[in-house]
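What follows is each chain in one-letter form.
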Amino acid sequence: ERSHIVDMITMSSYGFHDVDVDPVLILPCGHFYAMSSLDGHMEIHNGYKINEETGEFIAAKRLIAGANDKMVKSCPDCRSTIHSVGRYARL
């Protein structure tokens, strides 16, 4: 649906979102969001060192036992558990 909000920061809808600049990821529940929004939601910076200029991953961070035992991340729309998304497997 073109009116679905895909960027939780700018509140831009799919119809106005440039997927060539910021791809859209489809979650197992079927909802979809901009990769940059999901990266923030999933706190990807906790699992990877990221080049601030390019946004590319530099290296995986060492994960500390128990540090990621917080509440399981869920879809911002329906609250279904986010699983089976390879990009976030370490988180």
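In what follows, the structure referred to is the one given above.
A brief look at the structure comes next. Keep in mind it's a predicted model, so treat the numbers as computed, not measured.

The next subject is the nonpolar core. Note on soluble globular proteins: their nonpolar side chains tend to be buried together. In terms of nonpolar packing, the biggest core is built from twelve residues, these being Leu-25, Leu-27, Tyr-33, Met-35, Leu-38, Met-42, Ile-44, Tyr-48, Cys-75, Ile-82, Val-85 and Tyr-88. Aside from chain neighbours lying at most four places away, what touches Ile-82 is Leu-27, His-41, Met-42, Lys-73, Ser-74 and Cys-75.

Another aspect to go through is the packing of aromatic side chains. A full pass over the atoms with the stated rule returns two aromatic pairs. Taken together, a centroid distance of 5.5 Å and an interplanar angle of 80 degrees make the contact between Tyr-14 and Phe-32 edge-to-face. Within this pair, whereas Tyr-14 is found in the segment before strand E1 (24-26), its partner Phe-32 is found in strand E2 (residues 32-34), the two being separated by 18 residues in sequence. A residue is classified by how much of its surface remains accessible, and Tyr-14, at 33% relative accessible area, is partly exposed.

Bringing the pairing of strand E4 (residues 57-60) into the picture now. In the case of a regular strand, side chains alternate between the two sheet surfaces. Sheet topology places strand E3 (residues 48-50) next to E4; three bridges connect them, and they run antiparallel. Residue pairing across strands places Tyr-48 opposite Ala-60, the latter belonging to E4. Once E3 ends, the chain turns through six residues before running back antiparallel as E4, passing Gly-55 with a positive phi of about 80 degrees.

This paragraph deals with the environment of His-4. Secondary-structure assignment places His-4 in the segment before E1. Taking the C-alpha atoms as reference, His-4 lies 25 Å from Ala-89; in sequence the two are 85 residues apart. Setting aside anything within four residues of it in sequence, one finds His-4 in contact with Ser-12, Ser-13, Tyr-14, His-31, Phe-32, Tyr-33 and Asp-77. Reaching out from His-4, the side chain makes a polar contact with the backbone oxygen of Phe-32 at a distance of 3.0 Å.

Bringing the state of the cysteines into the picture now. In total, this model carries zero disulfides according to the counting rule given. As a non-bridged cysteine, Cys-29 has Cys-75 as the owner of its nearest cysteine sulfur, 3.7 Å distant. For Cys-29, a relative accessible area of 32% corresponds to the partly exposed category. For the unlinked cysteine Cys-78, the closest cysteine sulfur is that of Cys-29, found at 3.8 Å.

Turning to the side chain of Ser-37, a few remarks are in order. Along the chain, Ser-37 falls in helix H1 (residues 35-41). On the accessibility criterion, Ser-37 (5% relative accessible area) is buried. Only 2.9 Å separates the side chain of Ser-37 from the backbone nitrogen of Met-8, close enough to count as a polar contact. Beyond its immediate sequence surroundings of up to four residues, Ser-37 is in contact with Val-6, Asp-7, Met-8 and Ile-9.

Cut-offs used in this document
- Residues numbered from 1 in each chain as written.
- Predicted model: local features only at pLDDT ≥ 70, side-chain atom pairs only at ≥ 80, totals over all residues.
- Heavy atoms only, no water.
- Core = buried A, V, L, I, M, F, W, Y, C linked by side-chain atoms within 4.5 Å.
- Buried < 20%, exposed > 50% of the residue type's maximum accessible area, 1.4 Å probe, protein only.
- Contact = heavy atoms within 4.5 Å.
- Phe/Tyr/Trp six-rings, centres within 6.5 Å; stacked < 30°, edge-to-face > 60°.
- Helix = DSSP H or I, 4+ residues; strand = E, 2+ residues; numbered from the N terminus.
- Pairing = 2+ DSSP bridges.
- Polar contact = N/O pair within 3.5 Å; in protein donor to acceptor, adjacent residues only side chain to side chain.
- Disulfide = S-S within 2.5 Å.

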